[in-house]
Amino acid sequence: MDIGVASGADTGTAARLQKLFEGHRLTPTQRRIAHCMVRRAADAPFLSSVELAELAGVSQPSVTRFAVALGFDGYPALRRHLREVAPTDKPGDTGSYNEYQQAVQAEIDNLRHLAAALADPSPVIEAGRLFAASRPLPVLGLRAATAQAAGFSYFARKVHPDVRLLDEGGTMLTDRIDAAVRAGASALLCFALPRHPREVVDALEYARTSGLTVVTVADSAFAPVAHHTDLLLPAPVGTGLAFDTACAPMLLGRVLLEAMCDALPDAQARLEEFDARAAARGLFVE
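Residues numbered from 1 in each chain as written. Predicted model: local features only at pLDDT ≥ 70, side-chain atom pairs only at ≥ 80, totals over all residues. Heavy atoms only, no water.

Undergrad: Could you clarify how one ought to interpret the pairing of strand β3 (residues 187-192) in this entry?
TA: In terms of residue burial, β3 counts as a mostly covered element, since six of its six residues are buried. Of the two faces of β3, the one holding A187, L189 and F191 and the one holding L188, C190 and A192 are both buried throughout. Both strand β1 (residues 137-140) and β3 contribute to a ladder of two bridges, which runs parallel. Bridging across to β3, L140 finds its partner in C190. (Buried < 20%, exposed > 50% of the residue type's maximum accessible area, 1.4 Å probe, protein only. Helix = DSSP H or I, 4+ residues; strand = E, 2+ residues; numbered from the N terminus. Pairing = 2+ DSSP bridges.)

Undergrad: It is not clear to me how the sheet that holds strand β4 (residues 213-218) should be interpreted in this structure. Could you clarify?
TA: Backbone hydrogen bonds hold the strands of a sheet together, and the pairing may be parallel or antiparallel. Spatial strand order, β2-β1-β3-β4-β5: five strands in an open sheet with parallel pairing. For this open sheet the edge positions go to β2 (163-166) and β5 (231-234), each flanked by a neighbour on one side alone. On average, each strand axis in the sheet is tilted by 20° relative to the strand beside it, whichever way the strands run. In this sheet, β5 lies alongside β4 in parallel orientation, the contact comprising four bridges. Its bridge partner lying in β5, V217 is registered against L233. The sheet strands contacting helix α9 (residues 172-182) are β1 and β2, and the helix crosses β2 at an angle near 165°. (Axes fitted to C-alpha atoms, helices over the stretch in contact; angles between N-to-C directions. Contact = heavy atoms within 4.5 Å.)

Undergrad: Could you clarify how one ought to interpret unusual backbone geometry in this entry?
TA: Apart from glycine, the bulk of residues carry a negative phi angle, and the bulk of peptide bonds sit in the trans form. Note that the residue after R135, namely P136, is joined by a cis bond; omega there is 5°. Counting through the fold element by element, P136 comes out in the loop between α7 (122-133) and β1. Residue R195 is bonded to the preceding P194 through a cis peptide linkage, with omega at -5°. As for its placement among the helices and strands, R195 is situated in the loop between β3 and α10 (198-209). Unusually for a residue other than glycine, R143 sits at a positive phi of about 50°. Residue classification places R143 among the exposed residues on the basis of a relative accessible area of 70%.

Undergrad: I would appreciate a short explanation of the nonpolar core in the present structure.
TA: One broad trend across soluble globular proteins is that nonpolar side chains are buried collectively. Core analysis: the largest hydrophobic core is formed by 32 residues, its most contacted members being F131, V139, F152, L189, F191, L256 and M260. At the level of elements, α7, β1, α8 (146-156), β2, β3, β4, β5 and α11 (247-263) are the ones that each hand at least two residues to this core. Of all the elements, α11 adds the most residues to this core, at six residues. In this structure M260 touches G128, F131, A132, L137, A156, V159 and H160, once residues within four positions along its chain are discounted. (Core = buried A, V, L, I, M, F, W, Y, C linked by side-chain atoms within 4.5 Å.)

Set out below in structure tokens:
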């Protein structure tokens, strides 16, 4: 049985799910189930074990074992718990919205979720310091995450002396990581969005064994890259359209740029120098 894609509007449920899963040692299969439930937060309290297994791409007994691992007698007890703590009303009435409006509303809620997560700015500040200190700074993003990595790199190059975009997989990827390490890199930023390429997981594992501190912007704390990351910064994606929407990861990337600028003592001078050269060249149409 298949169900419709959740709108993603119930970020309160997503937050409760994340809190429920934290602190448990989950197997890769169980992390996959947790990741699926977070992404389908609005539907999670109402899914049968068979429906959840189908959505997560696992077996029905795996769903039962997952519930037991969380401390419940079985999946019915887990679902009953989720229904008991689910909000009785939605933050807004989306019944009159068409599918395009619902997708926009879901992204607005994703941004609200991100804003709430940024109430503690310390992880972002730490990431900014790591990026500022890494010369060069490799930025990894493959497939769906390529645009996020490229956007970050474009702006980062205006203030950071050496930013290296890693946006192609294949056998050359490890070579480029090696080159960055030889040049003095100490950290790597990765944007990891669904569907998660196996190459990204392998690259992060290789980067860490090479001595790099890995900071990852991912769609969930339970994304497949989580165990290959030193500092994970979640930013939810929208799933209401045929292709995922990633406004929150993009905005988090801009926040990380701001934190990096704060940690670079000459960032403002570099920006002013760029503006002066751009004006002299007539680079932009005013």
